[in-house]
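Summary of the model geometry
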Amino acid sequence: MSSVAVGMLSGVLMGIVFGFALEKSRVFEPGMIVGQMQLRNWIMLKVFLTAVATGAVVLAFLNGFGFVKLQPKAALYAADVVGGLILGAGIALAGACPGTTLAQIGVGYRDAIFTLFGGLAGAVAFSYAQPWLARSLIGTGPKLLFTDLAGMAYWQGAVALAAVIVVILALIERARPWRKDLGADVDGDFAESAQPSHRLAPAE
Amino acid sequence: MSPFDKAWSPYAAGILIGLLQIPAFLLIETALGASSSYVTVGAAIAGLVDPSLLRIDYVARHVAENAKNLWQVALVIGIALGAFASMKLSGAVRAPVSPIWAKALGSSSPRLRYAVAFVAGFLMLFGARIADGCTSGHGLSGMAQLSVGSTVAVVAMFAGGIATASLLLRRI
């Protein structure tokens, strides 16, 4: 098989696993993402930090034993801050991020189709503006890792990051168990559970 | 953790997503990401109308039919398929628009929601492309690699998201 065919086949298979995990964790629900940004639902941060910690451990092994090179992006501080703020505003209003938009389309949320088309339009608008933005805002920068600043090996820093994340997650989980954040229909919507329900017997 | 469950623990799902870095790095020599695929697809379509767009270096790099670009397009298509399969296996049923939007927007008009979603998608990708990554590329992959720039981008992302959700949206 050509490398392009391998890429597309592995992409679809990895995407199916990704989409399955996004749906099962409910993190792709607008109620979870808006809820996280309103600091009242913590499922998004839990999935996100768990995936970061897992990725860090995996890469500590793969990179530490020399199987793979790291692929970090350049540190472009002005672009990271300006772009990150605009992206964050979009995530809150979409109730999705660029990847989870596709998961929302997969489960039949109609508004996500508009998010997708808006996203394609935004990507095209950026493409036209890119030569000018590259000179005026984005510029160039080094591929800088925190372990470079600390003078450590990457794998040491990655294992330390994973350990710190495990502690943070344990503290968040103790303050707010994940089952409490699922909502009435596991979509992060608490409307029905907040109203007195006559169909359900009291829990105690 | 059965495929028929409606919800898994966020930790189980997070571990599964994190493990996807293994095939990404070993097979494609790249990290997980999603937002570049919008340039690959969007610019390929826009290029049919305006071929001069394809002469911009940035665009040419993204529409090149190489393994990395097409892998990411296939990845986001797979995300839709995987979410669909998971929903069907668990028997979850959804309204065409999530019920939280009527509260967050203060209106149950689908047209208002569609307009907000389009603008939101535009901002999301315009911002992600300025920052050179999204929640996946900067968030999952950049932070796992201890990238300084990605960590700055993720902090800005959450700052922008929290400010917008607090100031522009009603409490859900």
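Residues numbered from 1 in each chain as written. Chains lettered and ligands numbered in written order. Predicted model: local features only at pLDDT ≥ 70, side-chain atom pairs only at ≥ 80, totals over all residues. Heavy atoms only, no water.

1. Some remarks on the nonpolar core
Ranked by internal contacts, the top residues of the largest apolar core, which has 106 residues, are F18, L22, F48 and I91 of chain A together with I17, L32 and L169 of chain B. The element contributing the most residues to this core is helix α3 (residues 43-64) of chain A, with 14 residues. Among residues more than four places away in sequence, those in contact with L169 of chain B are V34, Q38, A92 and L93 of chain A together with W101, A104, L105 and T164 of chain B. (Core = buried A, V, L, I, M, F, W, Y, C linked by side-chain atoms within 4.5 Å. Buried < 20%, exposed > 50% of the residue type's maximum accessible area, 1.4 Å probe, protein only. Helix = DSSP H or I, 4+ residues; strand = E, 2+ residues; numbered from the N terminus. Contact = heavy atoms within 4.5 Å.)

2. Quick look at helix α3 (residues 36-49) of chain B
Within an α-helix, residues lying three or four positions from one another point in the same direction, as the helix has 3.6 residues per turn. Compared with an ideal rise of 1.5 Å per residue, which puts 14 residues at 20 Å, α3 of chain B spans 20 Å between its outermost C-alpha atoms and is within 8% of the ideal. Residues of α3 of chain B that are buried make contact with α5 (98-106) and α6 (111-138) of chain A together with α4 (57-63), α5 (67-90) and α7 (110-131) of chain B. (Expected span 1.5 Å × (residues − 1).)

3. Some remarks on empty space enclosed by the protein
Scanning the model with the defined rule gives 1 cavity of 30 Å³ or more in all. Taken as a whole, the largest cavity holds about 190 Å³ of empty space. Taken together, 14 residues form the lining of the largest cavity, with L22, C97 and T100 of chain A together with T135 and L140 of chain B sitting closest to its centre. Listing elements by their share of the lining of the largest cavity, those giving two or more residues are α1 (3-25), α3 and α5 of chain A together with α8 (135-144) of chain B. Here the residues of the lining of the largest cavity are counted per class, giving 10 nonpolar, 4 polar and no charged. (1 Å grid on protein atoms, 1.4 Å probe; cavity = no way out; pocket = protein on both sides within 12 Å on 5 of 7 lines; lining within 4 Å. Points joined across faces, edges and corners; volume = space filled by probe spheres on them. Nonpolar A, V, L, I, M, F, W, Y, C, P; charged D, E, K, R; others polar.)

4. A look at a nonpolar patch on the surface
Together, V57, F61, F65 and F67 of chain A together with L26 and L27 of chain B make up an exposed nonpolar region whose accessible area comes to about 670 Å². Broken down by secondary-structure element, the contributors of at least two residues to the nonpolar patch are α3 of chain A together with α2 (21-28) of chain B. Position of V57 of chain A relative to the elements: it lies in helix α3. (Patch = residues over 30% accessible without salt bridge, like charges linked within 9 Å, V, L, I, M, F, W, Y side chains within 5 Å. Areas by Shrake-Rupley, 256 points an atom, 1.4 Å probe, with all protein chains shown as cover. Salt bridge = Lys/Arg side-chain N within 4 Å of Asp/Glu carboxyl O.)

5. What to know about the confidence of the model for chain B
Confidence in the prediction for chain B averages 97 pLDDT; 100% of positions are at 70 or higher. Taken over the whole predicted complex, pTM reads 0.94, whereas the ipTM for its chain interfaces reads 0.97. (pLDDT = per-residue confidence, 0-100.)

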